[in-house]
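Chain and residue survey
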Amino acid sequence: MPPLQHGKPKGRRGKGLALATFAALLGACSTPPPNPPTPPAPRPATLTPLPPAAPPEAVAPTGPAHQRGPARWVPLPWTALPGWGQDEVHTLWPVLRQNCSRPAEAWKAWCQQLQAQPEPSDPLQAHGWLMQTLQPFRVEALDGRDEGLATGYFEPELRARRQPDERFKVPLWAPPRDPALASAPRATLQSPATQARLQAVVYLEDPVDAVLLQIQGSGRVRITEPDGREQQRRVAYAGHNQHPFQSLGRWLIDQGQLREGSANWPAIKAWTIQNPERQEELLAANPRVVFFREEALLDPKVGPRGAQGLPLTPGRSVAVDPRAVPYGTPLWLDSTEPLSTTPLRRLVLAQDTGSAIVGAVRADLFFGWGEPALAQAGRMKQPMRWWALWPRGAALPS
């Protein structure tokens, strides 16, 4: 698992001994809207740069650039997209149609064509139709940098109880009805007098797992009811107390408890086990408290809803800075597999956001749920480039 980022948070995730550190722990993705505009952080120098996207003659712009917020969109030919034609995009037709269930004005005509288009039987047919109807735009920073950072997130799975007991006594709070409490600091929310006025959604066993769930912003809980029955539900982001997120990994480094670059999730968990008397001090370092609501989990194969309002698809949904890329936009992602230089090139959809996902070339890839997703998400801290695919002839996003 890569070292935690020390900056802005996101707001989702986590299960116990996570194998990774998340862009979230230091700051990563979450369903809440992004914080006020912040200049994008420079790409970490430790990342290995990607090879050139294509020969210079293949990437000459085909028209004038277009600015959207912190991004510049540069129209390019399809030959500029490395690996285009190798993805199994024909399998994405149901996801693309779902993405069209609430199209923006620029996408309405394209979505009507998609709904009328028979589901392609092979990748060649699918790629051909997309090339006929969409125009690729390289998304770059205003200073011309086209390479940024890709991280990952997932949906945690945890055990929970309806009522507190000796083991399960860490509450996930519903949003307070009292506006004063909705913006209260962590210390106030933890006082017995205040907690008597709050409503717990469920109770977890480990307070550090609760923090990871708050970072991920959504999770699955297997609840043991008072009568012994078990049911699986989802707890989803419902707001936070308006206080800034502070990285637990950064705090441990500043305290001299962990070395720079080693503040990953297993290390944080191990530290809390070895230093139980300082656990509260660690948790108090992060003043942000995330509130949750309970939702039905009707289909365990369906992901949580992102900021776009649609279910996230493992390996295909990404969190973006919506000032740079509008929700619903298909993007061609050029990155590498976690902890490797193996190319990761695929079509993804902008369907979520997070307060640490800031800038033109910044993505958080949703890996799904369960242990494999946890491992992949935690290891994902890779260089990336991408291209927005926009309907031909449609007005560009303002």
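Conventions and cut-offs
- Residues numbered from 1 in each chain as written.
- Predicted model: local features only at pLDDT ≥ 70, side-chain atom pairs only at ≥ 80, totals over all residues.
- Heavy atoms only, no water.
- Helix = DSSP H or I, 4+ residues; strand = E, 2+ residues; numbered from the N terminus.
- Contact = heavy atoms within 4.5 Å.
- Areas by Shrake-Rupley, 256 points an atom, 1.4 Å probe, with all protein chains shown as cover.
- Buried < 20%, exposed > 50% of the residue type's maximum accessible area, 1.4 Å probe, protein only.
- Phe/Tyr/Trp six-rings, centres within 6.5 Å; stacked < 30°, edge-to-face > 60°.
- Core = buried A, V, L, I, M, F, W, Y, C linked by side-chain atoms within 4.5 Å.
- Pairing = 2+ DSSP bridges.
- Polar contact = N/O pair within 3.5 Å; in protein donor to acceptor, adjacent residues only side chain to side chain.
- Disulfide = S-S within 2.5 Å.
- Salt bridge = Lys/Arg side-chain N within 4 Å of Asp/Glu carboxyl O.
- pLDDT = per-residue confidence, 0-100.
- Axes fitted to C-alpha atoms, helices over the stretch in contact; angles between N-to-C directions.
- Parallel < 35°, antiparallel > 145°, perpendicular 65-115°, else oblique.
- Left-handed = near helix turned anticlockwise from the far one by under 90°.
- Nonpolar A, V, L, I, M, F, W, Y, C, P; charged D, E, K, R; others polar.

**A short note on the overall build of the protein chain**
Scanning the protein chain for helices and strands turns up 11 helices and 15 strands. A sequence separation of at least 24 residues applies to 77% of the contacts in the protein chain between residues at least 6 apart. For the protein chain, the computed accessible surface area is about 16600 Å², with 54% contributed by carbon and sulfur atoms.

**Considering the environment of L333**
By secondary structure assignment, the location of L333 is in strand β12 (residues 330-336). We classify L333 as buried; its relative accessible area is 2%. In this structure, the C-alpha to C-alpha distance between L333 and P82, residues 251 residues apart in sequence, is 9.1 Å.

**A closer look at the packing of aromatic side chains**
Tallied over the full model, the rule gives 11 aromatic pairs. Between the aromatic rings of W73 and F137, the centroid separation amounts to 5.8 Å while the plane-to-plane angle is 50°, which identifies the pairing as tilted. Taken together, the residues W73 in strand β2 (residues 71-75) and F137 in strand β3 (residues 134-141) connect sequence positions 64 residues apart. The exposure class assigned to F137 is buried, which follows from its relative accessible area of 7%.

**Side note on the nonpolar core**
If you look at the biggest cluster of nonpolar residues, it comprises 53 residues, and the most contacted ones within it are L81, W110, L130, V139, V325, L331 and W386. If you tally residues by element for this core, the top one is strand β15 (residues 381-391), at six residues. Those residues in contact with L81 that lie beyond four places of it in its chain are P136, W332, W387 and L389. Grouped together as the second largest cluster of nonpolar side chains are 18 residues, V208, L212, L248 and I268 included.

**Description of the pairing of strand β14 (residues 362-369)**
The side chains of a regular strand alternate, first on one face of the sheet and then on the other. Extensive coverage of β14 is indicated by the burial of seven of its eight residues. Of the strand pairs in this sheet, strand β4 (residues 148-155) and β14 are connected by six bridges, and their pairing is parallel. Of the residues in β14, the one forming a bridge with E155 is W369.

**Structural notes on helix α7 (residues 207-216)**
A large share of α7 lies buried, amounting to 10 of its 10 residues. One side-chain oxygen at the N-terminal end of α7 lies 2.8 Å from the backbone nitrogen of V208; it belongs to D206. At the exit of α7 stands G217, carrying a positive phi of roughly 90°.

**Quick look at the state of the cysteines**
What we call a disulfide is simply a covalent bond connecting the sulfur atoms of a pair of cysteines. Under the defined criterion, the tally for this structure stands at one disulfide. Paired by a disulfide, C100 and C111 hold their sulfur atoms 2.0 Å apart. Sign of the S-S torsion, about -75° for the bond between C100 and C111, identifies this disulfide as left-handed. Of this pair, C100 sits in the loop between α1 (93-99) and α2 (108-116) while C111 sits in helix α2, and the two are 11 residues apart along the sequence.

**Notes on helix α11 (residues 371-379)**
Every buried residue of α11 is accounted for by A373, L374, A375, A377 and G378. In the core, the buried residues of α11 are packed alongside β4 and β14.

**Some points on the pattern of salt bridges**
Tallying each qualifying case throughout the model produces 26 salt bridges. With a closest N to O distance of 2.9 Å, R220 and E155 form a salt bridge. Remark: E155 occurs in strand β4 and R220 occurs in strand β8 (residues 218-224); sequence separation between them is 65 residues. Here the salt bridges share partners, and the residues they tie into one network are E147, D334, R345 and R385.

**Some thoughts on the confidence of the model for the protein chain**
Residues with a pLDDT of 70 or more make up 87% of the protein chain, whose mean pLDDT is 86. In the predicted structure, residues 1-45 sits below a pLDDT of 50 and forms 224 contacts with residues beyond four places in sequence or in another chain.

**With respect to unusual backbone geometry**
We note that Q242 has phi near 70°; this positive angle belongs to a residue other than glycine. Looking at the secondary structure, you find Q242 in the loop between β9 (230-240) and α8 (248-254). Within the chain, L339 stands out as a residue other than glycine whose phi angle is a positive 55°. Relative to the elements of secondary structure, L339 occurs in the loop between β12 and β13 (343-352).

**Considerations on the pairing of strand β7 (residues 200-204)**
Counting buried residues along β7, five of its five residues qualify, which places the element largely inside the surrounding structure. Summarising the sheet, strand β6 (residues 170-173) and β7 pair through four bridges and their orientation is antiparallel. Directly across from W173, in β7, lies its bridge partner A200.

**Remarks on the packing of α2 against helix α3 (residues 123-133)**
In the contact formed by α2 and α3, the axes pass within 12 Å of each other and the chain directions differ by 155°. Taken as axis vectors, α2 and α3 run roughly antiparallel relative to one another. For the pair α2 and α3, the sense of crossing is right-handed. Seen from α2, the contacting residues are W110, Q113 and L114; seen from α3, they are W129, L130 and T133. Class assignment of the residues belonging to the contact of α2 with α3 gives a composition of four nonpolar, two polar and no charged.

**Here's the deal with the environment of R392**
Mapped onto the secondary structure, R392 falls in the segment after β15. Residue classification places R392 among the partly exposed residues on the basis of a relative accessible area of 42%. Each C-alpha atom of the pair R392 and M131 lies 9.6 Å from the other, and the pair is 261 residues apart in sequence. If we skip the residues at most four places from it in the chain, R392 touches W78, M131, Q132, T133, L134 and Q135. Polar contacts involving the side chain of R392 include one to the main-chain carbonyl oxygen of M131, which spans 3.2 Å.

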